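# Examining the three-dimensional arrangement
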Amino acid sequence: MTLSQRNRLISFGIGVSILSFLILLISAKIIFPIFPDATGAASRRAISLIHPLLDLFFSPEPYAVFISIFLICLYALIAAILIYFFFEKTQCQEILFFTFFIISFCFEAFRFVVPLNESLELPRVYVIIAGRLMLFGRVFGILSLFASSVYAAGFQTQKQSTIIIITVIIAMIIAIGTPVDALSWDTALNIITGYSLMLLFAETGVFFFSIVSFFVGAYSRGSREFIHVGVGSILVFFGRNILLNCDTWVALPVAVALLGVGTWFVCSRLHRVYLWL
């Protein structure tokens, strides 16, 4: 894939991020008054890496969820724009798939469908569609991170379009084949899906192999920079996990800090590796 083709794909992702953020802004006025009712009707507490501790001391805060959805979509937009400008003339195979991982966060805007559905009394099929789109975004994102790590480990192919198509197809198959409960959601407005435990284990496994691949890349390519890329990916993954399931104010700064620092680690080190190539 040429540099111009890669940049066009990133530009398309930026356009998707802008669209999702505009949808959030337009729908915010409608759902803001009923947001507490939507989160109050949740069937269970949101679960994240730090929630077992938070549940002991903090109760769900509806507008913390509201802000967390805005933050993760805003992060996707800002990070994608910065990556475009910093890597516009830098040939780096890993950065395209890491950008896809970031852009996949904009699918979290569909969490607003839950309160929007309650406000406008829409058919429940819209909740099902939103649940499948969110699941597609999360699967596509974690697979994109894995693809980025595989390139870092030394995988050599110029047919990135093939890898993208395969990633999209796998994410679509999982999203379409997973049952979605249109009547159940957690306190972070994540629509409940079937096989949730299996999907959690699968996501964790893919993430683990992604980090191992970055460390393998540091050894096989003789560049310690990929160790920092792996560490940054760990921070981004943890920040993503917290923000996707955030329902308390105290979790917001932790998630934002992890995302910001992790993204800086990944992008600055990749830019340093490919700067002189």
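This text gives an overview of the structure that appears in the document. This is a predicted model, so every value here is computed, not measured. (Residues numbered from 1 in each chain as written. Predicted model: local features only at pLDDT ≥ 70, side-chain atom pairs only at ≥ 80, totals over all residues. Heavy atoms only, no water.)

Secondary structure assignment for the protein yields eleven helices and two strands. Relative to its length of 277 residues, the protein is compact, with a C-alpha radius of gyration of 18 Å against a globular reference of 19 Å. Along the first, second and third principal axes, the C-alpha set of the protein runs to 55 × 35 × 30 Å. The burial tally for the protein puts 52% of its 277 residues in the buried class. Summed over all atoms, the accessible surface of the protein reaches about 12900 Å², with 74% contributed by carbon and sulfur. In the protein, 16 positive and 13 negative side-chain charges are present, and the distance between their average locations comes to 13 Å. (Helix = DSSP H or I, 4+ residues; strand = E, 2+ residues; numbered from the N terminus. Rg over C-alpha atoms; globule rule 2.2 N^0.38 Å. Buried < 20%, exposed > 50% of the residue type's maximum accessible area, 1.4 Å probe, protein only. Areas by Shrake-Rupley, 256 points an atom, 1.4 Å probe, with all protein chains shown as cover. Lys, Arg positive; Asp, Glu negative; His and termini not counted. Charge placed at Lys NZ, Arg CZ, Asp CG, Glu CD.)

The next thing to look at is empty space enclosed by the protein. Enumeration according to the criterion identifies one cavity of 30 Å³ or more in this entry. Looking at the largest cavity, its volume works out to about 40 Å³. What lines the largest cavity is simply Ser-104, Phe-105, Glu-108, Gly-137, Arg-138, Arg-240 and Leu-244. Every element with two or more residues in the lining of the largest cavity is listed here: helix H7 (125–152) and helix H10 (225–244). Classifying every residue of the lining of the largest cavity by side-chain character gives two nonpolar, two polar and three charged. (1 Å grid on protein atoms, 1.4 Å probe; cavity = no way out; pocket = protein on both sides within 12 Å on 5 of 7 lines; lining within 4 Å. Points joined across faces, edges and corners; volume = space filled by probe spheres on them. Nonpolar A, V, L, I, M, F, W, Y, C, P; charged D, E, K, R; others polar.)

With that settled, consider the nonpolar core. One finds Leu-24, Ile-95, Phe-98, Ile-102, Phe-112 and Leu-270 to be the most contacted residues of the largest nonpolar core, which totals 81 residues. Excluding residues that lie within four positions of it along the chain, Phe-98 makes contacts with Ile-83, Leu-145, Ser-148, Val-236, Thr-263, Val-266 and Cys-267. (Core = buried A, V, L, I, M, F, W, Y, C linked by side-chain atoms within 4.5 Å. Contact = heavy atoms within 4.5 Å.)

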